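Structure at a glance
Residues per chain, in single letters:
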Amino acid sequence: MLRIRNLSVVYEQNQGLFRRAYNTAVSEVDLDLNAGETVALVGESGSGKTTLGKAILHLVSPARGEILLEGEPIAESLGFRKRVQAVFQDPYSSISPYMQVRDIVAEPLVIHGISDHEQRVREALERVHLENDDAMLDKYPHALSGGQRQRVSIARSIVLEPEVIVADEPVSMVDAAHRADIIAVLREIQVSSGTSFLYITHDIASTRGFADRIAVMYAGSIVEEGSVDEVLGKPLHPYTKALLESVPDVDPANATRLRRAISGEPPSGISLPTGCAFHPRCPVAIKGTCDVERPQLRVPSDGHPVACVLHVGQKKGGSEH
Ligand SMILES: Nc1ncnc2c1ncn2[C@@H]1O[C@H](COP(=O)(O)OP(=O)(O)OP(=O)(O)O)[C@@H](O)[C@H]1O
Ligand SMILES: [Mg+2]
């Protein structure tokens with residue numbers, strides 16, 4: 001359904017008079033999102049997850065590579081804006097404070113010239129577990145809780161019955177008590193509508209029970225990819241292993257027992273380390289190899305795609321360019 005091929009996104013940053021830096025936020029990414037599938041994109045802050053999501057939404061232009069929806073470049077794809085929708089992290093800034101719920105949810109229908117939308121708005125609200133009566137339709141965002149706002153924003157994303165939804169950290173700004181509700185709503189949409197999801201999260205543990213596949217991103221590149229069972233059950237890349245070990249304990253009462261975070265800082269896309277971008281933080285890096293060779297995604301005979309010299313294998317199928 002959605003094919004990302006050799007995609008790079010570069011931000012140009014002004015660094016004072018006549019000085020410019022180029023930040024490669026996404027680097028040579030290949031990723032497929034099949035019909036009805038949920039792919040989780042996981043990685044630390046700054047790894048390029050949102051940028052990749054924005055490229056899919058055609059909100060940033062790639063420096064290289066392409067994104068195809070049913071074989072056609074998204075920019076030229078007919079009705080692309082209808083077919084691919086987004087749910088963003090912050091429900092406070094992603095919906096207008098000056099519009100009533102009925103108009104927020106109806107907006108995509110109005111933009112696409114679909115009249116007679118009241119019934120569709122009510123159905124969308126029902127699907128996100130909100131009341132679909134006039135009292136709810138007349139509300140302004142300030143009268144809603146954070147969890148309700150995010151559900152309104154999900155209702156808006158499904159009202160056009162899109163084929164793909166990019167959900168960028170959809171629960172990270174919702175208070176803990178309402179996260180399970182939001183995930184349950186998204187689960188029901190997955191099951192009932194066959195919509196494909198790109199689920200962006202920094203919390204690799206949250207993919208269990210929600211995603212089909214995981215793509216692990218580090219410094220703009222995908223370093224490991226496989227089914228949720230493969231990646232969580234048998235992580236291959238030292239970075240994925242580190243992410244799994246650093247998954248925070250979600251119980252606030254145990255805040256002092258947060259598991260070890262990954263040591264060191266993630267690199268900037270302005271000046272990536274030579275060789276494997278993870279090597280300065282990698283506990284098993286091999287001097288003279290990992291600081292020199294940039295590993296490509298390979299499929300080891302007994303495993304799933306991984307970009308690490310410790311796992312030799314065939315070049316990933318379909319990613320030749
Ligand atoms: N609009 C922008 N202009 C310039 N640089 C940007 C812009 N947006 C992101 N970047 C840079 O691109 C890199 C990737 O950022 P991105 O927001 O995609 O990461 P992320 O994985 O979504 O992080 P987070 O988990 O914090 O949301 C970072 O180095 C960031 O500073
Ligand atoms: Mg982000």
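Residues numbered from 1 in each chain as written. Chains lettered and ligands numbered in written order. Predicted model: local features only at pLDDT ≥ 70, side-chain atom pairs only at ≥ 80, totals over all residues. Heavy atoms only, no water.

Taken together, 13 residues form the shell around ligand 1, and within it Ser45, Gly46, Lys49, Thr50 and Thr51 come nearest. At a separation of 2.7 Å, an oxygen atom of ligand 1 approaches a polar backbone atom of Gly46. Note that an oxygen atom of ligand 1 is positioned 3.2 Å from one of the backbone N or O atoms of Ser47. A total of 640 Å² of accessible area belongs to ligand 1 in isolation, and the protein chains cover 65% of it. At the level of secondary structure, the elements contributing two or more residues to the shell around ligand 1 comprise strand 1 (2-14), strand 2 (20-33) and helix 1 (49-56). (Near = heavy atom within 4 Å. Polar contact = N/O pair within 3.5 Å; in protein donor to acceptor, adjacent residues only side chain to side chain. Areas by Shrake-Rupley, 256 points an atom, 1.4 Å probe, with all protein chains shown as cover. Helix = DSSP H or I, 4+ residues; strand = E, 2+ residues; numbered from the N terminus.)

Residues Val105, Leu125, Val152, Ile154, Ile214, Val216 and Tyr239 are the most contacted members of the largest nonpolar core, which totals 53 residues. Among the elements that make up this core, the one with the highest residue count is helix 4 (residues 101-111) (five residues). In terms of nonpolar packing, the next biggest core, distinct from the first, is built from 31 residues, Ile4, Val9, Ala86 and Ile222 among them. (Core = buried A, V, L, I, M, F, W, Y, C linked by side-chain atoms within 4.5 Å. Buried < 20%, exposed > 50% of the residue type's maximum accessible area, 1.4 Å probe, protein only.)

The next thing to look at is the pattern of salt bridges. The final tally for this structure, using the stated rule, is 14 salt bridges. Here Glu12 ties to Arg20 by a salt bridge, and the two come within 3.1 Å at their closest N and O atoms. The class of Glu12 is partly exposed, set by a relative accessible area of 46%. Notably, a salt bridge pairs Glu107 with Arg156, separated by 3.9 Å at the nearest N-O pair. Here Arg156 lies in helix 7 (residues 146-158) and Glu107 lies in helix 4, a separation of 49 residues in the sequence. (Salt bridge = Lys/Arg side-chain N within 4 Å of Asp/Glu carboxyl O.)

The next thing to look at is helix 7. One turn of an α-helix holds 3.6 residues; hence residues three or four places apart share an orientation. End to end, helix 7 covers 19 Å across 13 residues, agreeing with the expected 18 Å (1.5 Å per residue, within 8%). Burial within helix 7 is extensive, with 12 of its 13 residues counted as buried. Buried residues in helix 7 make contact with strand 6 (84-87), helix 3 (91-94), helix 4, helix 5 (118-127), strand 7 (164-168) and helix 8 (176-193). (Expected span 1.5 Å × (residues − 1). Contact = heavy atoms within 4.5 Å.)

Across the sheet, four strands lie side by side as 2-1-4-5; this open sheet has antiparallel pairing. At either margin of the open sheet sits one strand with a lone partner, and together these are strand 2 and strand 5 (72-73). Bridge count between strand 1 and strand 2: 10 bridges; the pairing is antiparallel. Bridge pairing links Arg3 to Asp32 in strand 2. The strands touched by helix 1 within the sheet are strand 1, strand 2 and strand 4 (64-69), with strand 1 carrying the most contacts at an inclination of about 115°. (Pairing = 2+ DSSP bridges. Axes fitted to C-alpha atoms, helices over the stretch in contact; angles between N-to-C directions.)

Below, the discussion takes up the environment of Val26. Its place among the elements puts Val26 in strand 2. Contacts of Val26, omitting those with residues within four sequence positions, involve Leu7, Ser8, Val9, Gly48, Thr51, Leu52, Met217 and Gly220.

The next point concerns the packing of helix 7 against helix 8. Put simply, helix 7 and helix 8 touch, their axes get as near as 10 Å, and they point 15° apart. The orientation of helix 7 relative to helix 8 falls into the category roughly parallel. Once helix 7 is placed against helix 8, the crossing between them reads as right-handed. Judged by residue contacts, Gly147, Gln150, Arg151, Ile154 and Ile158 of helix 7 engage His178, Asp181, Ile182, Val185, Leu186 and Ile189 from helix 8. Among the residues forming the contact of helix 7 with helix 8, the class breakdown is six nonpolar, three polar and two charged. (Parallel < 35°, antiparallel > 145°, perpendicular 65-115°, else oblique. Left-handed = near helix turned anticlockwise from the far one by under 90°. Nonpolar A, V, L, I, M, F, W, Y, C, P; charged D, E, K, R; others polar.)

Counting buried residues in strand 10 (residues 221-227) gives five out of seven residues, a clear majority hidden from the surface. As judged from the six bridges shared by strand 9 (residues 213-218) and strand 10, these two strands associate in the antiparallel manner. Considered in strand 10, the bridge of Arg213 is made with Ser227. From the end of strand 9 to the start of strand 10, which pair antiparallel, there are two residues, and Ala219 there has a positive phi angle of about 50°.

Moving on to the sheet that holds strand 8 (residues 196-201). Strand order across the open sheet formed by six strands is 6-7-8-3-9-10, with mixed pairing between neighbours. Here the strands that pair on one side only, and so sit at the sheet edges, are strand 6 and strand 10. On average, each strand axis in the sheet is inclined to that of its neighbour by 20°, with strand direction left out of account. Where strand 6 meets strand 7, four bridges bridge the pair, whose relative direction is parallel. Each bridged residue has a counterpart across the sheet, and for Val87 the counterpart in strand 7 is Ala167. Strands in contact with helix 7 are strand 6 and strand 7; relative to strand 6, the strand with the most contacts, it is inclined by about 180°. Each of strand 3 (38-42), strand 9 and strand 10 touches helix 10 (residues 238-245); the most contacted strand, strand 9, lies at about 105° to it.

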